Amino acid sequence: MLEFLDVYARHADQWGPRLADAAVVSARISILGFMLATVVGLILGLAQEASSRIVRTVVRGYIVFFRGVPVLAILFLIYFGLPGVGIVFDAEPAAVVGLGLAFAAQMAEVFRAGLGAIPRGQWEAAMSAGFRPAQTLFLIILPQVVRIIAAPVIVTFVALLKDSSLASLITVNELVLEGRALATEYFLPLHIYIWVGAMYFLIAFPLSMLAKYLAKRARGARA
Amino acid sequence: MEFWLSTIMPGLLTGAVVTVSVTVASLLIAVTLGFGLAVLRQFPRVRLLNFAIDAYVEFFRNIPALSHLFILYFGLAAVGIKITSIPAAIIGLGLIGAAVTCDIYRSGFLALGIGQVEAARAVGMTPVQTIRFILSPQAIRVALPPLGNYALQLMKDTSIVSAIAAPEIMFYARSMVTSSFQTTLIYSSAAMVYLLMSLPLAYAVTRLEHRFGGKANA
């Protein structure tokens, strides 16, 4: 056991900075991907309530497609597949777009549940008080929705953060790919992959705990 | 079109057989091990056991599956424990899945309320009998829709075992790309094959949700 830990002590100053740099890339694609997922998800969530049947069908189709196809298949399609029809992405933007579009489907469901929990009367009251639709949405409805959906939003972010590891398979130099590079350099894959796993855990675990706490509080508030 | 029929689709469907096998095998591990953990977690007095189960769940739920698979497949091989790719995939996804289903069953148990336990105790049932005959049958019913959702997620997650060389759909897609360069066609066909498998599953989940009531958030 001590021997095992000793390996870390000897290599910490070689591995540490490189994995820290890679963690920045992981964080960047996760955050940018999540921002895209939030924007697209909100639009989809609102559009699901649209009066036009065509709009609703398109949104349904989007959600069914992205819920039914693995994130990895989407990343491969964007990064390796689209150049075949002339659309070329660099690896990192491809990862952001792929993660963003895939998780937008999940965010759409989260927003739909949140928007559905706000009584229609809120919209009507705000509009009759002279608010425009956009103002009603951003000033009256969303602030309330945010409180309801805080926990599932964090859960979705953690899932996206974990799936950002798939970007390693389309050559984005994030944590897992840097881990692979180190593993081949030092021939210590067990040590290195445990370190990599620990770095994800350090971010994901506190967020998961926060989500649990918020969910519990929300249940308490409703009861 | 001919190339698609003669080469791409047969390749992807060969992979799909492995995808389905890995999904079913790891699903079996996940639903049984997860149930065991959730039942053990129902005995509130054994602190250490509860801590161990919680630690198991958080460990597997807060680290990417890819990271777990690399530890199992590349990491353990370096210290002399060699697991070939398909068993490593099944064990890895099964252990991760047990953490997920443990949470699902637990919210099933939580949904039942303390009155059930008190009533069972009042008619003289032991704690084990209460769990066996009163709580479990009800908790499993509540857990069915989220378990179905999990199965769908698992089927999609098997795509990442291509990274440890298990020959499923994405693995075949990648190897066909290196020999034919039809990237757009191959990867969109792969997405379509997944979609064809997940649509019936998603439909079944919707039916379960209608039958057994609302979505319990796991």
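Scroll up for the structure.
Residues numbered from 1 in each chain as written. Chains lettered and ligands numbered in written order. Predicted model: local features only at pLDDT ≥ 70, side-chain atom pairs only at ≥ 80, totals over all residues.

(A) View of the overall build of chain B. Of regular secondary structure, chain B possesses 8 helices and 0 strands. When the helices and strands of chain B are placed in sequence order, the string is α-α-α-α-α-α-α-α. By residue count, 43% of the 218 residues in chain B fall in the buried class. (Helix = DSSP H or I, 4+ residues; strand = E, 2+ residues; numbered from the N terminus. Buried ≥ 20, exposed ≤ 12 C-beta atoms within 10 Å, placed from the backbone.)

(B) Local environment of the packing of helix α5 (residues 120-128) of chain A against helix α6 (residues 133-163) of chain A. All names here are of chain A. For the pair α5 and α6, the least separation of the axes is 10 Å and the interaxial angle reads 125°. Judged by the inter-axis angle, α5 sits oblique to α6. The handedness of the crossing between α5 and α6 comes out as right-handed. Across the interface between the two elements, Q122, W123, A126 and M127 from α5 touch T136, I140 and I141 from α6. The class makeup of the residues in the contact of α5 with α6 is 5 nonpolar, 2 polar and no charged. (Axes fitted to C-alpha atoms, helices over the stretch in contact; angles between N-to-C directions. Parallel < 35°, antiparallel > 145°, perpendicular 65-115°, else oblique. Left-handed = near helix turned anticlockwise from the far one by under 90°. Contact = placed C-beta atoms within 7 Å. Nonpolar A, V, L, I, M, F, W, Y, C, P; charged D, E, K, R; others polar.)

(C) Summary view of the packing of helix α1 (residues 2-47) of chain A against α6 of chain A. All names here are of chain A. For the pair α1 and α6, interaxial distance at closest approach is 10 Å and the crossing angle is 130°. Viewed along their axes, α1 and α6 adopt a mutual orientation that is oblique. α6 is crossed by α1, and the crossing has right-handed handedness. For the pair formed by α1 and α6, the contact residues are S30, G33, F34 and A37 on the first element and F157, L160 and L161 on the second. Considering only residue class, the contact of α1 with α6 consists of 5 nonpolar, 2 polar and no charged.

(D) Structural view of unusual backbone geometry. Positive phi outside glycine occurs at T171 of chain A, with the angle close to 65°. Its place among the elements puts T171 of chain A in the loop between α6 and α7 (175-186). One non-glycine residue, A165 of chain B, adopts positive backbone phi at about 65°. Summarising the element assignment, A165 of chain B is placed in the loop between α6 (127-157) and α7 (169-180). For A165 of chain B, a count of 13 C-beta atoms within 10 Å puts it in the partly exposed group.

(E) Representation of the interface of chain A and chain B in the model. The interface is formed by 34 residues belonging to chain A together with 32 residues belonging to chain B. Mapped by element, the contributors of at least two residues to the side of chain A that touches chain B are α2 (53-68), α3 (71-81), α7 and α8 (189-222) of chain A. If you tally residues by element for the side of chain A that touches chain B, the top one is α8 of chain A, at 11 residues. Partitioned by chemical class, the residues of the side of chain A that touches chain B number 26 nonpolar, 6 polar and 2 charged.

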